[in-house]
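# Observations on the three-dimensional arrangement
Spelled out, the chains give:
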Amino acid sequence: MSLIVHKYGGTSMGSTERISSVAKRVAKWARAGHQMVVVPSAMSGETNRLLALAKELAPATPSDSYYRELDMLAATGEQASSALLAIALQAQGVDSVSYTGWQIPIRTDSAYTKARIESIDDARVRADLEAGKVVIVTGFQGQDAKGNITTLGRGGSDTSAVAVAAAMKADECLIYTDVDGVYTTDPRVVSDARRLSTVSFEEMLEMASLGSKVLQIRSVEFAGKYKVKLRVLSSFTPWDIDIVEEARSGTLITFEEDENMEKAIVSGIAFNRDETKVSVLGVPDKPGIAYQILGAVADANIEVDMIIQNISKDGKTDFSFTVNHSDHARTIDLLKTQVVPKLGAQEVVGDTKICKVSIVGIGMRSHVGVASTMFRTLSEEGINIQMISTSEIKTSVVIDEKYMELAVRALHKAFGLECDSK
Ligand code: ADP
Ligand code: ASP
Ligand code: MG
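Below or above, wherever it landed, is the structure these notes cover. Given the structure is predicted, the values throughout are model-derived calculations rather than measurements.

Cut-offs and rules
- Numbering of residues starts from 1 in every chain and runs along the sequence as written.
- As they are written, the chains are lettered A onward and the ligands numbered 1 onward, keeping that order.
- With the structure being a predicted model, the display of local features is reserved for residues of pLDDT at least 70 and the display and counting of side-chain atom pairs for 80 or more, all residues being used for whole-chain, interface and lining totals.
- Each side-chain value is worked out from all heavy atoms of the structure, with water and hydrogens disregarded.
- Put simply, DSSP marks the helices as runs of H or I at least four residues long and the strands as runs of E at least two long, and each gets a number from the N terminus on.
- As a reference, a globule follows 2.2 Å times the number of residues to the power 0.38, and the radius of gyration itself is taken over C-alpha atoms.
- Partly exposed describes any residue whose relative accessible area lies between the buried limit of under 20% and the exposed limit of over 50%, with all areas from a 1.4 Å probe on protein chains only and scaled to the type maximum.
- All accessible-area figures derive from a Shrake-Rupley calculation using a 1.4 Å probe, and residue coverage is judged against the displayed protein chains alone.
- Under the convention used here, Asp and Glu are negative, Lys and Arg are positive, and both His and the chain ends fall outside the count.
- In plain terms, the charge of a residue is placed at NZ if it is Lys, CZ if Arg, CG if Asp and CD if Glu.
- In these notes, residues near a molecule or strand are those with any non-hydrogen atom within 4 Å of it.
- Between N or O atoms, a polar contact is any pair within 3.5 Å; within protein, one atom must be a potential hydrogen donor and the other a potential acceptor, and residues adjacent in sequence are included only when both atoms are from side chains.
- All residues other than Ala, Val, Leu, Ile, Met, Phe, Trp, Tyr, Cys, Pro, Asp, Glu, Lys and Arg, Gly among them, are scored as polar; the first ten of these are nonpolar and the last four charged.
- One requirement defines pairing of two strands: DSSP has to find at least two bridges between them.
- Take the buried Ala, Val, Leu, Ile, Met, Phe, Trp, Tyr and Cys residues and link them wherever side-chain atoms come within 4.5 Å; each set so joined is a nonpolar core.
- Contacts were defined at the residue level, with two residues in contact if any of their heavy atoms lie within 4.5 Å.
- Buried and open spaces are told apart on a 1 Å grid over the protein atoms alone, a cavity being a set of points where a 1.4 Å probe fits but cannot get out and a pocket being an open set with protein on both sides within 12 Å along at least five of seven lines. Residues with an atom within 4 Å of a point are the lining residues.
- Grid points are joined across faces, edges and corners, and a volume is the space filled by probe spheres set on the points.
- To define axes, lines are fitted to C-alpha atoms, for helices over the stretch in contact only, and angles between the resulting N-to-C directions are given on a 0 to 180 degree scale.
- Geometric relationships in this document are graded by angle, where less than 35 degrees denotes roughly parallel, more than 145 denotes roughly antiparallel, 65 to 115 denotes roughly perpendicular, and other angles denote oblique.
- For any pair of crossing helices, the crossing counts as left-handed if the nearer helix is rotated counterclockwise from the farther one by less than a right angle, and right-handed if it is rotated clockwise.
- Here, a salt bridge means any Lys or Arg side-chain nitrogen found within 4 Å of an Asp or Glu carboxyl oxygen.
- Stacked, tilted and edge-to-face are the three classes assigned to paired rings of Phe, Tyr and Trp, where Trp is represented by its six-membered ring and a pair needs centres within 6.5 Å; plane angles under 30 degrees give stacked, over 60 edge-to-face, the rest tilted.
- In this scheme, Lys NZ or Arg CZ marks a charge over a ring once it lies within 6 Å of the ring centre and within 35 degrees of the ring normal.

### A short note on the overall build of the protein chain
Helices and strands together make up the secondary structure of the protein chain, namely twelve helices and 20 strands. Over its C-alpha atoms the protein chain spans a radius of gyration of 23 Å, differing by no more than 12% from the 22 Å that the globule rule assigns to 422 residues. If you line up the protein chain on its principal axes, its C-alpha atoms span 75 × 55 × 35 Å. Relative to its full complement of 422 residues, the protein chain shows a buried share of 52%. Total accessible area on the protein chain stands at roughly 19300 Å², and carbon and sulfur atoms take up 50% of it. In the protein chain, 46 side chains carry a positive charge and 55 a negative one; their mean positions are 1 Å apart.

### Concerning the site of ligand 2
Around ligand 2, a shell composed of Ser41, Ala42, Thr47, Glu78, Phe140, Arg154, Gly155, Gly156 and Ser157 is seen. Backbone polar atom of Gly156 to an oxygen atom of ligand 2: 3.4 Å apart, as the coordinates give it. Protein contacts shield 86% of the accessible area of ligand 2, which totals 260 Å² for the unbound molecule. Tallied by class, the residues present in the shell around ligand 2 amount to two nonpolar, five polar and two charged.

### Brief notes about the pairing of strand β11 (residues 230–234)
For β11, a buried count of five out of five residues is recorded, marking the element as mostly surrounded by other parts of the structure. Both faces of β11 are covered, namely the face carrying Leu230, Val232 and Ser234 and the face carrying Arg231 and Leu233. Pairing of strand β9 (residues 172–177) with β11 involves five bridges; the strand directions are parallel. Following the sheet pairing, Thr177 is matched in β11 by Ser234. As paired strands, β11 and strand β12 (residues 251–254) are joined by three bridges and run antiparallel to one another. Bridge pairing in β12 links Leu230 to Ile253.

### So, the nonpolar core
Counting 44 residues, the largest nonpolar core has Val5, Val37, Val137 and Cys173 as the members making the most contacts within it. Here this core takes six residues from helix α5 (residues 157–167), the largest share from any one element. Among residues more than four places away in sequence, those in contact with Cys173 are Val5, Ala161, Val162, Ala165, Val228, Lys229, Leu230 and Arg231.

### Some remarks on empty space enclosed by the protein
Unoccupied space between atoms shows up once a probe the size of one water molecule is rolled over them. Inspection of the entire model under this criterion finds one cavity of 30 Å³ or more. Considered as a void within the structure, the largest cavity measures approximately 30 Å³ in volume. Taken together, Ile104, Ile120, Asp121, Asp122, Val125, Val137, Val164 and Met168 make up the full set of residues lining the largest cavity. In terms of residue class, the lining of the largest cavity is made up of six nonpolar, no polar and two charged.

### Comments concerning the sheet that holds strand β13 (residues 268–272)
Through backbone hydrogen bonds, the strands of a sheet pair up, either in parallel or in antiparallel fashion. Reading across from one edge, β13-β18-β20-β19 is the order of the four strands in this open sheet, with antiparallel pairing throughout. Two strands close off the open sheet at either side, each with one partner strand: β13 and β19 (387–391). For this sheet, the mean inter-axis angle between neighbouring strands, taken without regard to orientation, is 20°. Bridge count for strand β18 (residues 354–360) against strand β20 (residues 394–400) is seven bridges, and the pairing is antiparallel. Following the sheet pairing, Ile354 is matched in β20 by Asp400. Where helix α11 (residues 370–380) meets the sheet, its contacts fall on β18, β19 and β20, and the angle it forms with β20 comes to roughly 20°. Strands in contact with helix α12 (residues 404–414) are β13, β18 and β20; relative to β18, the strand with the most contacts, it is inclined by about 10°.

### Things to note about the site of ligand 1
Around ligand 1 lies a shell of 17 residues, among which Thr177, Asp178, Tyr183, Asp186 and Arg188 are the nearest. Residue Asp186 places a side-chain N or O atom 2.8 Å away from an oxygen atom belonging to ligand 1. When the residues that make up the shell around ligand 1 are grouped by side-chain class, the tally is six nonpolar, six polar and five charged.

### Quick look at the sheet that holds strand β2 (residues 35–40)
Reading across from one edge, β3-β6-β2-β1-β9-β11-β12-β10 is the order of the eight strands in this open sheet, with mixed pairing throughout. Strands at the two margins of the open sheet, each flanked by one partner only, are β3 (96–99) and β10 (198–200). With strand direction ignored, the average angle separating the axes of adjacent strands in the sheet is 20°. Across three bridges, the pairing between β10 and β12 is parallel. In the sheet register, Val199 faces β12, and the bridge partner there is Ile253. Where helix α1 (residues 16–31) meets the sheet, it contacts β1 (3–8), β2, β6 (134–137), β9 and β11, and its direction lies at approximately 170° from that of β1.

### Here we look at the packing of helix α6 (residues 201–209) against helix α7 (residues 217–226)
Closest axis-to-axis distance for the α6/α7 pair is 8 Å, and the angle between their directions is 160°. It follows from the interaxial angle that α6 and α7 lie roughly antiparallel. You can see that α6 and α7 cross each other, and the crossing is left-handed. For the pair formed by α6 and α7, the contact residues are Phe201, Met204, Leu205, Ala208 and Ser209 on the first element and Ile217, Val220, Glu221 and Gly224 on the second. Across the contact of α6 with α7, the residue classes tally to six nonpolar, two polar and one charged.

### Concerning the pattern of salt bridges
Per the stated rule, a full pass over the model turns up 20 salt bridges. Each of the salt bridges in this network shares a partner with another, and the network as a whole consists of Arg25, Lys28 and Glu246.

### Side note on the packing of aromatic side chains
Per the stated rule, a full pass over the model turns up five aromatic pairs. Ring centres of Phe201 and Phe255 lie 5.5 Å apart, and the angle between their planes is 40°; this geometry places the pair in the tilted category. Placement of the pair is Phe201 in helix α6 and Phe255 in the loop between β12 and β13, with a sequence separation of 54 residues. With a centroid separation of 5.8 Å and 20° between ring planes, the pair formed by Phe222 and Tyr226 is classed as stacked. Here Phe222 and its partner Tyr226 are both found in helix α7, four residues apart, which amounts to about one turn of the helix. Among the residues examined, Phe222 registers a relative accessible area of 17% and is labelled buried. The ring of Phe236 has Arg18 sitting right over it, with the charged end atom 3.9 Å from the ring centre.

See below:
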């Protein structure tokens, strides 16, 4: 008998019909003799709806206590869908029970809206599994040491599922979603994107961190740390398809290179519209400017991604970096009030209309000229590159957001990733 964790995303849980279909699929797995833990997301659109309500009522400068309430609120979306799934399973004649994150408990730190899981007590779940129940663990939520409800960041149910699978040493964690696996790029942007039957853990980690929202990055980190067998597959196949066929479908995240692994130099293209660019212009070029600018930003708990410092001219330079959209206004304000006067810089400008496009592939380690193919392709399309960053297995560029889809399609083609090119 194996212990299997299933996770169902928002679209998969999007209506009572969909929940009923999920229940039938889970019942099939339970009847095949598996111990089943299921982690559902909120019904699609529900988290956005709740957060929009809060925004309508929010104070002008929200404090920590606002974010506490935001988590109280957002956590209700998953709580509702978990109870509905338990009811749907009971209707299928399957003994089922749902638990909130704090009933388990799933213990997190206190970083509201982006909390990290610290520990999971699996005693209650184990006892129910032994008693023959299907256990539903509510996704996206936990509880901090003081008993406050926390949520794990957008897309966080993936992380709940993988963390539960890791804590319980599950045989496999299956992430059911609205596409049938991990593709060379978002299939909603490039229609001939190709599904990967396997993707290496390292590539998946890069793709998730660079914006492919098919898996939340922290879920991939958990899978890597605890070697959780992780697969992404569709919840839109008929629920009664053969279980062996289903278990082999989708995309498997692999930890070792094996012969079956696809040998592309570039495996995927990711993009991210969530970042904005901030530039401090006319900074006197002397030692310590990076520290003075970025130190102040870090002290305000603002995460910085890409950084560029221009060549200096007449003893002055420009310094640019990217931050998340949600931190944009705060960063500009901080620079204007605290950094510019101290540094004697000229001005601060922001650009919210940028995006980051990245190519990812472990083959990039052993091949030269990959980045230059990327730059050539973009220049042939007349797309200006504003920033570049590289690591062993990825190259990212920041470009004007209006060229994002054009860039992704052109790069997808340039690296031969489309369906019929293999
Ligand atoms: P869920 O609600 O099931 O968690 P998400 O919307 O969070 O689903 O993630 C699935 C979506 O991720 C897909 O609908 C697809 O548009 C998007 N996506 C982005 N990049 C990729 C990729 N490389 N492969 C597959 N899907 C991707
Ligand atoms: N419901 C949450 C969100 O929309 C978590 C998730 O779907 O994974 O971000
Ligand atoms: Mg998701």
